[in-house]
Amino acid sequence: SQQGEEDPQALSIQEGENATMNCSYKTSINNLQWYRQNSGRGLVHLILIRSNEREKHSGRLRVTLDTSKKSSSLLITASRAADTASYFCATGGSEKLVFGKGTKLTVNP
Amino acid sequence: EAGVAQSPRYKIIEKRQSVAFWCNPISGHATLYWYQQILGQGPKLLIQFQNNGVVDDSQLPKDRFSAERLKGVDSTLKIQPAKLEDSAVYLCASSLRLAGVWTGELFFGEGSRLTVL
C-alpha cells in the first residue's frame, strides 16, 4: 500500500508563478523525500528532509515537514515550463521507499 | 558516472506470453529495487535486493513474477505468463551505503514500458 498521498492530483499554473504541492502520510518516518518524473522518464531525486528538520531549501525548491500533522509541502518558486512533470513524495525505512500517487504539475509558458 | 541502465525500453506482448527486463545498477550500489508503475499511479515496490540476496519481495506476485540478481550486480525481472493488468512501466533503481549507512536516495533508470494485449 502507498504511504504518502499528494494533493492536489493535478495543478496548472503560469510560468513565473509559485507551485505548492502537499503530501500527507500515515505512520512515523525517518525521512521524507520528493522526486520528479518527466513524462516517459525515470524518477529523479529532488530533496530529502529528515524527521528532525522542519524546513529545507535547494535552489528554487522549499520543503517543509510537520511531523505532528504527518504532512509535508513542496514549494517551487518562479516556475518554468521545464518544471512540468509529476512530483512524488516518498517515505522511507529499512532502505526502501514507498511512493504516493503524485501531483501532475503543468507550467504554461 | 553512468546511471542505472535498463532494457528494453518498450515491449509489446500478448497475454500469456513471457517477458524479461534487465537492469544494471550504478557501480558500487549494493541495493537494487524493481518498482511497477501503472499509468497515473506512483511506483510500487516489487522486490528489493541487498547484494544478491532478497530483502523484501512481499508485493511480488510470485505465481507469475520472478527476479534474480546473480553475482550481486545485474538483475533480471521476468513475467510468465503475462496478464493484461501487468501493463505498466517497470522501473529499476539502486541505492548506496556510505560507511555502512544508507544514504536514502534512490537512483532510477528510465524504465521498461510493457504493453500486454
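Residues numbered from 1 in each chain as written. Chains lettered and ligands numbered in written order. Predicted model: local features only at pLDDT ≥ 70, side-chain atom pairs only at ≥ 80, totals over all residues. Heavy atoms only, no water.

### Side note on the sheet that holds strand β8 (residues 71-76) of chain A
Residue and element names in this part refer to chain A.
So, step 1. On the basis of which strands lie adjacent, the open sheet formed by 5 strands has the order β1-β3-β8-β7-β6 and antiparallel pairing. Two strands in the sheet have a free side with no partner beyond their single neighbour: β1 (5-7) and β6 (55-58). Going from strand to strand, the sheet's axes swing by 20 degrees on average, the running direction of each strand aside.
So, step 2. The pairing of β6 with strand β7 (residues 61-66) spans 4 bridges and is classified as antiparallel. Residue pairing across strands places S58 opposite L61, the latter belonging to β7. (Pairing = 2+ DSSP bridges. Helix = DSSP H or I, 4+ residues; strand = E, 2+ residues; numbered from the N terminus. Axes fitted to C-alpha atoms, helices over the stretch in contact; angles between N-to-C directions.)

### What about the interface of chain A and chain B?
A common way to report how large an interface is uses the accessible area buried once the components associate.
So, step 1. Residue-level contacts link 20 residues of chain A with 25 residues of chain B.
So, step 2. A combined buried area of about 1700 Å² lies between chain A and chain B, and 45% of that area is made up of carbon and sulfur atoms.
So, step 3. The three residues of chain A that bury the most area against chain B are L43(A), E95(A) and K96(A), which together make up 35% of that side's buried surface.
So, step 4. The interface formed by chain A and chain B includes 3 salt bridges.
So, step 5. Measuring nitrogen to oxygen at the nearest pair gives 2.5 Å for the salt bridge that ties R97(B) to E95(A).
So, step 6. At the surface where chain A touches chain B, the tally comes to 12 residue pairs in polar contact (both at pLDDT 80 or more).
So, step 7. Listed by contribution, the elements that provide at least two residues to the side of chain A that touches chain B are β4 (31-37), β5 (43-50), β9 (85-93) and β10 (96-99) of chain A. (Contact = heavy atoms within 4.5 Å. Buried area = accessible area lost by both parts, 1.4 Å probe. Salt bridge = Lys/Arg side-chain N within 4 Å of Asp/Glu carboxyl O. Polar contact = N/O pair within 3.5 Å; in protein donor to acceptor, adjacent residues only side chain to side chain.)

### Notes on unusual backbone geometry
For residues other than glycine, phi is negative in most cases, and the peptide bonds are mostly trans.
So, step 1. Cis geometry marks the peptide bond from D7(A) to P8(A), where omega comes out at 0 degrees.
So, step 2. On the secondary structure map, P8(A) appears in the loop between β1 and β2 (10-14).
So, step 3. With an omega of -10 degrees, the peptide bond between S7(B) and P8(B) qualifies as cis.
So, step 4. Inspection of the secondary structure puts P8(B) in the loop between β1 (5-7) and β2 (10-13).
So, step 5. Of note, the phi angle at A78(A) is positive, near 45 degrees, even though the residue is not glycine.
So, step 6. By the secondary structure assignment, A78(A) is in the loop between β8 and β9.
So, step 7. Positive phi, close to 80 degrees, is recorded for R16(B), a residue that is not glycine.

### Focus on the side chain of Q36(B)
So, step 1. Inspection of the secondary structure assignment puts Q36(B) in strand β4 (residues 31-37).
So, step 2. Within polar-contact distance, the side chain of Q36(B) engages the side chain of Y90(B) at 3.0 Å.

### Side note on the pairing of strand β8 (residues 75-79) of chain B
All names here are of chain B.
So, step 1. Among the 5 residues in β8, 4 count as buried, and that is most of the element.
So, step 2. Summarising the sheet, strand β3 (residues 19-24) and β8 pair through 5 bridges and their orientation is antiparallel. The partner of V19 across the bridge, within β8, is I79.
So, step 3. Of the pairings in the sheet, the one linking strand β7 (residues 65-68) to β8 comprises 4 bridges and is antiparallel in character. Paired with E68 across the bridge in β8 is T76.
So, step 4. Hairpin remark: β7 followed by β8, antiparallel, with 6 residues in the connecting loop; positive phi at K71, about 60 degrees. (Buried < 20%, exposed > 50% of the residue type's maximum accessible area, 1.4 Å probe, protein only.)

### Concerning the environment of L65(A)
All names here are of chain A.
So, step 1. Note that L65 resides in strand β7.
So, step 2. By relative accessible area, L65 is classed as buried at 3%.
So, step 3. In sequence terms L65 and L75 are 10 residues apart; their C-alpha atoms lie 12 Å from each other.
So, step 4. Residues contacting L65, with those up to four places away along its chain left out, are Y25, I29, L32, I49, R50, S51, E53, R54, S71 and S72.

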